[in-house]
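# Structure assessment
Residue-level listing of the chains:
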Amino acid sequence: MNLQDSITTLNGVGPRKAEAFARLGIETVEDLMFTFPRIYEDRKQPVNIADLELEVPALFRGEVDTIRPGGFSRGKKSRVLRILVTDDTGSIEVVFFNAAYLAKTIKRGDRLAFFGKPVENMDRKQVIHPQFEKAENMQTGIIPIYPLTSGITQREMRRLQKLIKPLYGQAESILSEETVKRNNLCGMEYAIRNVHFPQERQSYQEAKYRLVFDEFMTLETGLMASKMNEKYDGEGTRFEDDGSEREFIKSLPYPLTKAQERCVDEITADLISGRPMNRLIQGDVGSGKTVVAQTAMYKAVGSGYQAVMMAPTEILARQHYEGMKRDFDAFGIKTGFLSGSMKASEKRQVLEGLADGSVQVLIGTHAVIQPDVVFSNLGLVITDEQHRFGVSQRIKLKDKGNFPNVLVMTATPIPRTLAVVLYGDMDVSVIDEMPPGRVPIITRCLTGDGAREKCYDFVERQIRQGRQAYVVTPLIDESEAMDARSVNQVYEELAKRFERTEMIHGAMKQSEKDDIMARFSAGDIDVLVSTVVIEVGINVPNAAVMVVENAERFGLAQLHQLRGRVGRGQWQSYCFLIIEGQSELAEKRGKIMEESADGFYIAEEDLKLRGPGEIFGTRQHGLPDMKLADMARHMSVLNDARDEARAILEDDPRLEKPENQPLKRRVMKLFGEDLTLNL
Ligand code: ADP
Ligand code: MG
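In this report, the structure presented in the accompanying data block is examined. Predicted model, so just to flag it, every value in this text is computed and none were measured.

### Quick look at the site of ligand 1
- Q260, G286, T290, R438 and N539 are the nearest of the 16 residues found near ligand 1.
- At 2.6 Å from an oxygen atom of ligand 1 is found a main-chain nitrogen or oxygen belonging to G286.
- In the complex, 85% of the free accessible area of ligand 1, which totals 570 Å², lies under the protein chains.
- Of the residues contributing to the shell around ligand 1, the split by class is five nonpolar, seven polar and four charged.

Right, here's the structure in full:
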């Protein structure tokens, strides 16, 4: 057996299994070897049922006493199965949702072992969806938990890892001997073995450190070799130094804030410098980033260039388009819109206008980076809500012009070191001030049924005063989770109470979504029930109430984004976070939201409470998925890996030397087709 062999060479892996593995990106034995556990569970000795502690995951064994395939809970799909499990010391209820099929597998009198976290429900101890096996099969010790897909079980993953363990020694090192020594790293075989089969903390940590280092090394090498960081010393796209940006600012109905002015100045200096701009604008939700970008677009047109802005959702793109078109029409500037859902004939017209230069400003979704979009003279590219896009999308946009000026905007606060990784050597402008006249939003956390009722009474009074409300729910479909109030369910409830209620979610047709958003903007809808599709960017100043159902399911940074949809006009605005269940964590999070309106502070606190993974998760920034490395937690490793990557590329820019081939292969694998590499 060889690492490059297909996994079908492994005992027990047939074509069907191989398909399932392919969904996890596993095709070869090597891929399997590099599939690391997500987490580990410390399954020491089994605990007596009477000694199970609330909220502490534990292993316990017992006999199945009664099985109750339980009626229907909250809608048809979630059929519940309740099992009473007993040992010599007591009994506990085990609950499975959506698992009617288990009624056939689990029999009265079976001796089973369970691993799960006991919780309290109506004075009873329960374990919901534990893992379970026949009692005699349950492993103890430190158990790796692998990422799975349907058709592949934990047990199978563990079995296969055991099977290929003798091949771990064949793992290639992407690092030279010197690099390994310089950074005090362990060898590959040791690293891989100790991550799959950890014995004790020390060796596991050494192992993980090595693999994280490798991942960062791969990432950094790829990013440095990508076009994103291409050095350019030429003239780029130089705009006129004629003060034209002031004309546009004068036309606005309000003066810019000091922070916006500073930002415009920094951008203007870049634009007239004769060196392509590469700038990130960071500003909290509602700080007024759009108008700053628009000023730069105006300047582009005044200098004879075209400008484009890409936004992550159609709703947001259209909103930007409508606002900007109104402003630019007054100056005789022609503004176009592009999205995937447009009619072919409409689209063709815009494309022609872009190609012959008559359309000067383009706003759209990622449709603007499609190959058929050709500009006659593109001088400025802008990405809004940058963190929603991938590296390759950003590069494609930039490649539409000939070294155009690049501006990206985000409300997500990013530490400097991380920004360097994500955006290369980008300059950063910060808008750290809100437009004047904003009334601070009042935020309240609500728990319990009575509270919800009061909340909607309040919404009703606001609507009578002419305001509008958003109600956000975490999920579309009830079957996806047991307790979350789905958008449908909430919509049906509220539609009975509020006449002008509509619902919007990601699975709807674009034209429907647009229609509803347009009516909400126009004030023809009072209550908009939605999933997080409205999370980013939307601006309806008359909306003064944001209700978030199941707020405990959202990250704080996301709640902050959602809250940023209100408080955009002159009205006192409110944000109600409805929290299901009670926990200390939920309480702490709620308090932070009630007390702070500062996105940076909130993100930091979220980081402390939840760990960094979710905020700085690679997904958020469009970087390729990394298996073990966590940008925020491993910042110092990141810096070391960066230094090593830079040294290697300086010595061998296209990674042509034989000793750099393993690294090159790994970089290609990580970025795949996703990034044009200068290798
Ligand atoms: P974000 O930074 O979240 O993208 P927007 O650009 O959508 O914020 O701006 C939010 C709101 O603030 C918009 O209604 C915009 O017209 C308004 N606004 C922006 N700058 C100012 C300002 N200097 N004074 C008053 N209102 C402003
Ligand atoms: Mg915005």
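Read on, since the account is not over.
### Digging into helix α8 (residues 244-251)
- Regarding α8, the residues found buried are S244, E245, F248 and I249. Buried residues of α8, viewed axially, fall in a sector of 145 degrees; they line one side.
- Looking at the buried residues of α8, the elements they touch are α9 (258-271), α10 (289-302) and α11 (314-329).

### A few points about the sheet that holds strand β19 (residues 501-504)
- Strand order in the open sheet formed by six strands is β17-β22-β21-β18-β20-β19, with parallel pairing between adjacent strands. Looking at which strands have only one partner, the edges of the open sheet turn out to be β17 (442-447) and β19. Along the sheet, successive strands turn relative to each other by an average axial angle of 20 degrees, direction set aside.
- As judged from the five bridges shared by strand β18 (residues 468-472) and strand β21 (residues 543-548), these two strands associate in the parallel manner. Among the inter-strand pairings, Y470 is bridged to a residue of β21, identified as M546.
- The sheet contacts of helix α15 (residues 449-464) involve β17, β18, β20 (527-530), β21 and β22 (574-579), and relative to β22 the element is tilted by about 160 degrees.
- This element, helix α17 (residues 510-521), spans β18, β19, β20 and β21 of the sheet and lies at about 140 degrees to β19.

### Quick notes on the pairing of β21
- Counting buried positions along β21 yields six of six residues, so the element is predominantly enclosed.
- Strand direction decides the pairing type here: β21 and β22, joined by four bridges, are parallel. Bridge assignment links M546 to a residue of β22, and that residue is C575.
- Handedness of the β21-helix α18 (residues 556-563)-β22 crossover: right-handed.

### Quick word on the side chain of D384
- Looking at the element boundaries, D384 is found in the loop between β14 (378-383) and α13 (391-398).
- In this structure D384 is buried but unpaired, with K289 as the nearest side chain of opposite charge at 6.1 Å.
- In contact with D384, not counting residues within four places along its chain, are M309, M310, A311, P312, L316, H320, F389 and M409.

### Quick look at the sheet that holds β14
- Ordered in space as β12-β13-β11-β14-β15-β10-β16, the seven strands form an open sheet in which the pairing is parallel. Since the sheet does not close on itself, it has two edges, and those belong to β12 (335-338) and β16 (427-431), each with one partner. Each strand axis lies, on average, 20 degrees off the axis of its neighbour in the sheet, ignoring direction.
- Bridge count for strand β10 (residues 278-283) against β16 is five bridges, and the pairing is parallel. Residue pairing for β16: G283 is matched across the bridge by I431.

Reading the values: rules and limits
- Residues numbered from 1 in each chain as written.
- Chains lettered and ligands numbered in written order.
- Predicted model: local features only at pLDDT ≥ 70, side-chain atom pairs only at ≥ 80, totals over all residues.
- Heavy atoms only, no water.
- Near = heavy atom within 4 Å.
- Polar contact = N/O pair within 3.5 Å; in protein donor to acceptor, adjacent residues only side chain to side chain.
- Areas by Shrake-Rupley, 256 points an atom, 1.4 Å probe, with all protein chains shown as cover.
- Nonpolar A, V, L, I, M, F, W, Y, C, P; charged D, E, K, R; others polar.
- Buried < 20%, exposed > 50% of the residue type's maximum accessible area, 1.4 Å probe, protein only.
- Helix = DSSP H or I, 4+ residues; strand = E, 2+ residues; numbered from the N terminus.
- Arc of directions from axis to C-beta.
- Contact = heavy atoms within 4.5 Å.
- Pairing = 2+ DSSP bridges.
- Axes fitted to C-alpha atoms, helices over the stretch in contact; angles between N-to-C directions.
- Right-handed = clockwise from strand over helix to strand, strands pointing away.
- Lys, Arg positive; Asp, Glu negative; His and termini not counted.
- Salt bridge = Lys/Arg side-chain N within 4 Å of Asp/Glu carboxyl O.

From the geometry alone we can't say anything about function, so treat these as descriptive.
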